[in-house]
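Breakdown of the fold
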Amino acid sequence: MSYSRIIQVEFNHCDPAGIVFYPRYFEMTNSVVENFFADRVGRSYARISMQDHNGVPTVKIDATFRAPSRLGDRLVFALRVLKVGGSSVGFHVSARGESEPEGSVRMEADLTLVWVTPEGRSAPWPDDMRAKLVTELNKDAAS
């Protein structure tokens, strides 16, 4: 069972032809990841960065753009946990039109994020976060 979120394509996401400009997919993907951390892992980016002074930067992203999305489209973004490492986590994020079947992918990306200390060094996940990430990994593996 993956985490999902609907994002409507807005004017600011598009090029002059009304098609999503590809870097905007990265912003949308980041929004999905940020909301996943708040909703499923129990730590908002605000708490991670502003209160605890840690970070979860994306250190790798590999994206494929399969079909265009246009102004006004409602996209279903789905996030699956692929791997939980000592200080890293791997995600697969895909986007499809809301009225399209599950297999109709417009964009997909594999991302790696790393837990970093206030000094900017990678470190092991806090135990509570790691446990929730592993729970999500196991849910995704079972479905």
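Report on the accompanying structure. This structure is a prediction, so every number in the text was calculated from the model and none was measured.

Quick look at the nonpolar core now. Soluble, globular proteins show a tendency: their nonpolar side chains are buried together. Grouped together as the largest cluster of nonpolar side chains are 33 residues, with contacts concentrated most on Phe 36, Phe 37, Phe 77, Leu 79, Phe 91 and Leu 113. Listing elements by their share of this core, those giving two or more residues are β1 (3-8), α1 (22-41), α2 (45-51), β3 (74-84), β4 (88-97), β5 (107-114) and α3 (127-142). Per-element accounting of this core gives the leading share, 7 residues, to α1. Setting aside anything within four residues of it in sequence, one finds Leu 79 in contact with Ser 2, Tyr 3, Val 32, Val 33, Phe 36, Phe 91, His 92, Val 93 and Asp 140.

This next bit is on the sheet that holds strand β2 (residues 58-65). One open sheet holds the 5 strands; their spatial order is β1-β3-β4-β5-β2, and the pairing between them is antiparallel. Only two strands of the sheet have a single neighbouring strand rather than two, namely β1 and β2. Strand-to-strand twist across the sheet, computed as the mean angle between neighbouring axes with direction ignored, equals 20°. Lying over the sheet, α3 contacts β3 and β4, oriented at roughly 110° with respect to β3.

Our focus in this paragraph is the pattern of salt bridges. Within this structure, the stated rule accounts for 10 salt bridges. As a salt-bridge pair, Lys 139 and Glu 136 come within 3.1 Å of each other at their nearest N and O atoms. In this pair, Lys 139 and Glu 136 are both assigned in helix α3, 3 residues apart and thus about one turn of the helix distant. Residue classification places Lys 139 among the partly exposed residues on the basis of a relative accessible area of 33%. Overall, Glu 136 belongs to the buried group, its relative accessible area being 4%.

What counts and how
- Residues numbered from 1 in each chain as written.
- Predicted model: local features only at pLDDT ≥ 70, side-chain atom pairs only at ≥ 80, totals over all residues.
- Heavy atoms only, no water.
- Core = buried A, V, L, I, M, F, W, Y, C linked by side-chain atoms within 4.5 Å.
- Buried < 20%, exposed > 50% of the residue type's maximum accessible area, 1.4 Å probe, protein only.
- Helix = DSSP H or I, 4+ residues; strand = E, 2+ residues; numbered from the N terminus.
- Contact = heavy atoms within 4.5 Å.
- Pairing = 2+ DSSP bridges.
- Axes fitted to C-alpha atoms, helices over the stretch in contact; angles between N-to-C directions.
- Salt bridge = Lys/Arg side-chain N within 4 Å of Asp/Glu carboxyl O.

Any functional reading would require information that these geometric values do not contain.
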